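# Structural overview
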Amino acid sequence: DQQVKQNSPSLSVQEGRISILNCDYTNSMFDYFLWYKKYPAEGPTFLISISSIKDKNEDGRFTVFLNKSAKHLSLHIVPSQPGDSAVYFCAATSNGQNFVFGPGTRLSVLP
Amino acid sequence: EPEVTQTPSHQVTQMGQEVILRCVPISNHLYFYWYRQILGQKVEFLVSFYNNEISEKSEIFDDQFSVERPDGSNFTLKIRSTKLEDSAMYFCASRRETGVYEQYFGPGTRLTVT
């Protein structure tokens, strides 16, 4: 039962270019979405979030887009930097108690 | 900058033994969580805790699991009788207040059951 899907297990991008990470969800009750970054041997680190009442949220190099009708969100990183290389998790919640994580996408930013 | 801490970083135990994983959430946070990540798999929600009681728990969080906030600062996860399949990274997380959903995660405890 994959309520949150990240269909690309990995992504490679050249430094300076845009990284686009995608996430799809099936549960229409989800109303808040978050992106986390995770380095090996560390816990996930919060990056950016978006409420379902918005379709875009921007924070520096990171922008999250939400398409509710398609049940799809994406994280854009511009410009990509080598330090952005990590596993990125999309997460969703309907009540702030139970957060469902996607399987993650491993981003590699090549110098 | 305040952070969530977890101890121990690595715990090795024999099948059938009890383990307690400890977490110190950020001091002004009100909501507390435990997650696990089996090697190579996704992060899975176990339990959420608010106002000294469990708010929600997943199917994984069966009778072998319990949580406690014994002294207002620590938040613990107990597994009464460990199984091989309990081997995973266990992450504690906390968040500040109602309506603010960003969680802050600890570095994790790697539990190895032999």
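Described below are features of the structure shown in this document.

Quick notes on the rules
Numbers given to residues run from 1 along each chain, matching the order in which its sequence is written. Chain labels run from A onward and ligand labels from 1 onward, assigned in the order the entries are written. pLDDT decides what is reported in this predicted model: residues at 70 or higher carry local features, side-chain atom pairs at 80 or more are listed and counted, and totals for whole chains, interfaces and linings draw on all residues regardless. The side-chain figures draw on all heavy atoms in the structure; neither hydrogens nor water molecules are used. Note on conventions: DSSP H or I runs of at least 4 residues are helices, E runs of at least 2 residues are strands, and numbering of each starts at the N terminus. For the radius of gyration, the atom set is restricted to C-alpha positions; the globular benchmark scales as 2.2 Å times the number of residues to the power 0.38. Contact definition: two residues touch when any of their heavy atoms are within 4.5 Å. The rule for pairing is simple: two strands pair if DSSP sees at least two bridges between them. In this description, a disulfide is simply a cysteine sulfur pair whose atoms lie within 2.5 Å. For the exposure calls, accessible area comes from a 1.4 Å probe over protein chains only, and a residue counts as buried if that area is under 20% of its type's maximum, exposed if over 50%, partly exposed in between. To define axes, lines are fitted to C-alpha atoms, for helices over the stretch in contact only, and angles between the resulting N-to-C directions are given on a 0 to 180 degree scale. Salt bridges are defined as contacts in which a side-chain nitrogen from Lys or Arg sits within 4 Å of a carboxyl oxygen from Asp or Glu.

### Considering the overall build of chain B
When helices and strands are counted, chain B shows zero helices and 11 strands. Secondary structure elements in chain B, listed N-terminal to C-terminal, are β-β-β-β-β-β-β-β-β-β-β. Since a compact globule built from 114 residues should have a radius of gyration of about 13 Å, the 13 Å found for chain B is in line with a globular shape. Across its three principal directions, the C-alpha atoms of chain B cover 40 × 30 × 30 Å. Pairs at least 24 residues apart make up 54% of the contacts formed inside chain B by residues separated by at least 6 positions.

### Some points on the sheet that holds strand 7 (residues 62-67) of chain A
One key point about sheets: their strands pair by backbone hydrogen bonds, in either a parallel or an antiparallel sense. Residue and element names in this part refer to chain A. Strand order in the open sheet made by the five strands is 1-3-8-7-6, with antiparallel pairing throughout. The open sheet is flanked by strand 1 (4-5) and strand 6 (56-59), the only strands paired with a single partner. Alignment of strand 6 against strand 7, held across four bridges, turns out to be antiparallel. Across the sheet, residue Asp-59 finds its bridge partner in strand 7, namely Phe-62.

### Comments concerning the side chain of B:Arg36
With respect to the helices and strands, B:Arg36 occurs in strand 4 (residues 31-37). With sequence-adjacent residues up to four places away left out, B:Arg36 is seen in contact with B:Lys42, B:Val43, B:Glu44, B:Leu46, B:Ile60, B:Glu85, B:Asp86, B:Ala88, B:Met89 and B:Tyr90.

### Digging into the state of the cysteines
Residues and elements named next belong to chain A. Scanning the entire structure with this criterion turns up two disulfides over all chains. Paired through a disulfide, Cys-23 and Cys-90 show a sulfur-sulfur distance of 2.0 Å. Given an S-S torsion of about -70°, the disulfide between Cys-23 and Cys-90 has left-handed geometry. Highlighted residues: Cys-23 in strand 3 (residues 19-25) and Cys-90 in strand 9 (residues 86-93), separated in sequence by 67 residues. Each member of the pair Cys-23 and Cys-90 is classed as buried.

### Notes on the sheet that holds strand 1 (residues 5-7) of chain B
Residue and element names in this part refer to chain B. The sheet built from four strands is open, its strands ordered 1-3-8-7 with antiparallel pairing. Two strands bound the open sheet, and with one partner strand each, they are strand 1 and strand 7 (65-68). Sheet twist, expressed as the mean angle between neighbouring strand axes with direction ignored, is 20°. As paired elements, strand 1 and strand 3 (residues 19-24) share three bridges and run antiparallel to each other. For Gln-6, the partnering residue across the bridge sits in strand 3 and is Cys-23.

### Quick word on the pattern of salt bridges
Once the charged atoms of two side chains with opposite charge are near each other, the side chains can pair. Residue and element names in this part refer to chain B. All chains considered together, the criterion is met by four salt bridges over all chains. Between Glu-44 and Arg-36 there is a salt bridge, with the nearest N and O atoms lying 3.1 Å from each other. The closest approach of N and O atoms between Glu-97 and Arg-96, which form a salt bridge, is 3.1 Å.

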